[in-house]
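Breakdown of the fold
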Amino acid sequence: MLEQVTKVHDESRQGEAFAAEQGNDQVYNKKFYIESYGCQMNFNDSEIVASILNQEGFGATRNYEEADLVLLNTCSIREKAEQTVRKRLQEFRKIKQSNPGMLVGVLGCMAERLKAKLLEEEKLVDLVIGPDAYRTLPALIEEAETGQKAVNVLLSREETYADINPVRLDSNGVTAFVSIMRGCNNMCTFCVVPFTRGRERSRDPYSIIQEAAALFNNGYREVTLLGQNVDSYYWVGPSPNGGQDEIITFAGLLERVALISPLLRVRFSTSHPKDITDEVLFTMAKYENICNYIHLPVQSGSTRILQLMNRTYTREWYMKKVDRIREILPDCGLSTDIITGFCTETEEDHQETLSMMEYAKYDLAYMFFYSERPGTLAARRYQDDVPEEVKKRRLTEVVELHRRQALESMQQDVGKTFKVLIEGTSKRSENDLFGRNDQNKVIVFPKEQYQKGEYVYVKVEDCTAATLIGKVVLNH
């Protein structure tokens, strides 16, 4: 997923929203500030942390200088994200000099891997909390307030935070993320997730359905089901009506969420190519409110490199999966992740990645050059032997090809009419609204009398490589 950062949360808005959800008038006597880096799983984790902190009397603030507690929810997938977090921690250390009572903590994927450096060597933080230890945050804060360094990075085989109602930070009130599972069992050699987030475990489906239904009842009109590999979702447990245990796969969960209401759009991310099934594709085809959009990371177009990455599929197998998606869902939007310059990658391997892009014609791609992550299987097994200038040159070629393809994809939609869920005002003009169509493409159109949260039909009249531009039509 695309690396991104969210920094600020409105104290009064979040406090009021949470109090309303909880049915109380809680007053917050302390303030916390949280920044989230990396994938949407981290953003969702920050909302879980906010819920836990609210229960302890902490309200969110947009100004970290006035915060009693500053938290960075971190990502270790890319080296750049780690560098950004370290820089921010150094900035917070300067603020801490004038506010010595302020506590600074690191959450998430960097916590386990860098706990010793962050706590003892660089002395940048007071708390280090791993992704499965958020329930212990109140006790860790209490310990850190005594001057002790507080740490808990233990991983769990059971923790899903199913009973915690996330506080929707910086929410648009229309779209929300719902975590359905945690961890990953796929030992891709370039990836730290199995080591920082632990083994796969699926969340109780009834808590997922309840959360999604509550969001719909509170005015939300789209949920994205989140997991490191959603297609691996698998739950066995008692039926709420009694009787024999139920077995619920991802396709079954997807259907149950779609049935909450035809007005609730459903998306999901991320899929592993080896696990997405025909059952999932047919379920998507069956329900109009399940969006025709799949994120299907390829990583490389070379079978040899895919084997070194332990992706467990070949180039030809992946292409057949793309064919199957197009067969069952002809209008399905497709996005991907691509890594250039993985260990031993040759020019021939690189050309196979470019030809894979030509074959799949991705609507959206998240593209990176390989950066070795300490502790991964690749770091232990292979030499990072592709020069950085070669990695960057290959990445540039991948990015340029994708830009051409993205523009072509957008141009093919000019003249078409799409159902759009309005998400808010366009960043470029107060007179325009924006939303996304089924294929996850952003569409901008004149505001007129329409409101956030409504569905409208928009006819596309123009486009850029990233945005469709059109007008609402009443007859479609």
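Higher on the page you've got the structure.
Bear in mind the structure is a predicted one, so any value in this text is a computation, not a measurement.

Further remarks concern the overall build of the protein. Within the protein, the secondary structure is distributed over 14 helices and 22 strands. A compact globule built from 476 residues should have a C-alpha radius of gyration of about 23 Å, and the protein, at 23 Å, falls within 12% of that. Over its C-alpha atoms, taken along the principal directions, the protein stretches across nearly 60 × 55 × 55 Å. Residue burial in the protein is summarised as follows: out of 476 residues, 56% are buried. Across the protein, contacts joining residues at least 24 apart in sequence account for 73% of those joining residues at least 6 apart. Total accessible area on the protein is roughly 20,500 Å²; 48% of this is exposed by carbon and sulfur atoms. Looking at the protein, you have 59 positive and 70 negative side-chain charges, and the mean spots of the two groups are 2 Å apart.

Here we come to the nonpolar core. Proteins that are soluble and globular tend to have nonpolar side chains buried together. Within the largest apolar cluster, 56 residues are counted, with the highest numbers of intra-cluster contacts made by L225 and I294. Tallying contributions element by element places helix α8 (residues 250–258) first for this core, with six residues. Aside from chain neighbours lying at most four places away, what touches L225 is V178, I180, I208, V230, F250, L254, V257, V266, R267, F268 and S269. Listed in part, the 26 residues of the second largest apolar core include I129, A150, Y161 and V167.

Take the pattern of salt bridges next. Evaluated as defined, the whole model comprises 35 salt bridges. With a shortest N-O distance of 3.6 Å, D126 and K149 are connected by a salt bridge. Of this pair, D126 sits in the loop between α4 (109–121) and β6 (127–129) while K149 is found in the loop between α5 (137–144) and β7 (150–152), placing the two residues 23 residues apart along the sequence. The exposure class of D126 is buried, given its relative accessible area of 10%. Residue K149 is classed as partly exposed on the basis of its relative accessible area, which comes to 33%. E345 is the partner of R394 in a salt bridge, and the nearest nitrogen-oxygen pair spans 2.9 Å. Of the two residues, R394 is situated in helix α14 (residues 388–411) and E345 in the loop between β16 (333–340) and α12 (347–360); the sequence distance between them amounts to 49 residues.

Here we take up the sheet that holds β16. Pairing is parallel across the open sheet formed by three strands, whose spatial order is β15-β16-β17. Of all the strands in the sheet, just β15 (293–295) and β17 (364–369) have a single pairing partner and so form its edges. Averaged over all neighbouring strand pairs, the angle between strand axes comes to 10°, with direction disregarded. Bridge count for β16 against β17 is six bridges, and the pairing is parallel. By the bridge assignment for β17, S335 is matched with L364. Lying over the sheet, α14 contacts β16 and β17, oriented at roughly 170° with respect to β17.

Where two aromatic rings form a pair, the distance of their centres and the angle of their planes describe that pair. For the structure shown, the criterion picks out 10 aromatic pairs. Taken together, a centroid distance of 6.1 Å and an interplanar angle of 25° make the contact between Y313 and W317 stacked. According to the relative accessible area criterion, W317 is partly exposed, its value standing at 34%.

Let us look at the sheet that holds strand β14 (residues 265–269). Two orientations exist for strands paired in a sheet by backbone hydrogen bonds: parallel and antiparallel. Across the sheet, three strands lie side by side as β8-β11-β14; this open sheet has parallel pairing. In this open sheet, the two edge strands, each paired with only one partner strand, are β8 (175–179) and β14. With direction set aside, neighbouring strand axes in the sheet form an average angle of 25°. Here strand β11 (residues 222–226) pairs with β14 via five bridges, running parallel. Looking at β14, one finds that L225 is bridged to F268. In the packing of helix α7 (residues 205–217) onto the sheet, the strands contacted are β8 and β11, and the crossing angle to β8 comes to about 170°.

The interhelical angle for the contact between helix α9 (residues 278–286) and helix α11 (residues 315–328), taken along N-to-C directions, is 25°, at an axis separation of 10 Å. The angle between α9 and α11 falls in the class roughly parallel. Between α9 and α11 the crossing geometry is right-handed. Seen from α9, the contacting residues are D278, L281, F282 and A285; seen from α11, they are R324, I325 and I328. In terms of residue class, the contact of α9 with α11 is built from five nonpolar, no polar and two charged.

Reading the values: the criteria
- Residues numbered from 1 in each chain as written.
- Predicted model: local features only at pLDDT ≥ 70, side-chain atom pairs only at ≥ 80, totals over all residues.
- Heavy atoms only, no water.
- Helix = DSSP H or I, 4+ residues; strand = E, 2+ residues; numbered from the N terminus.
- Rg over C-alpha atoms; globule rule 2.2 N^0.38 Å.
- Buried < 20%, exposed > 50% of the residue type's maximum accessible area, 1.4 Å probe, protein only.
- Contact = heavy atoms within 4.5 Å.
- Areas by Shrake-Rupley, 256 points an atom, 1.4 Å probe, with all protein chains shown as cover.
- Lys, Arg positive; Asp, Glu negative; His and termini not counted.
- Charge placed at Lys NZ, Arg CZ, Asp CG, Glu CD.
- Core = buried A, V, L, I, M, F, W, Y, C linked by side-chain atoms within 4.5 Å.
- Salt bridge = Lys/Arg side-chain N within 4 Å of Asp/Glu carboxyl O.
- Pairing = 2+ DSSP bridges.
- Axes fitted to C-alpha atoms, helices over the stretch in contact; angles between N-to-C directions.
- Phe/Tyr/Trp six-rings, centres within 6.5 Å; stacked < 30°, edge-to-face > 60°.
- Parallel < 35°, antiparallel > 145°, perpendicular 65-115°, else oblique.
- Left-handed = near helix turned anticlockwise from the far one by under 90°.
- Nonpolar A, V, L, I, M, F, W, Y, C, P; charged D, E, K, R; others polar.

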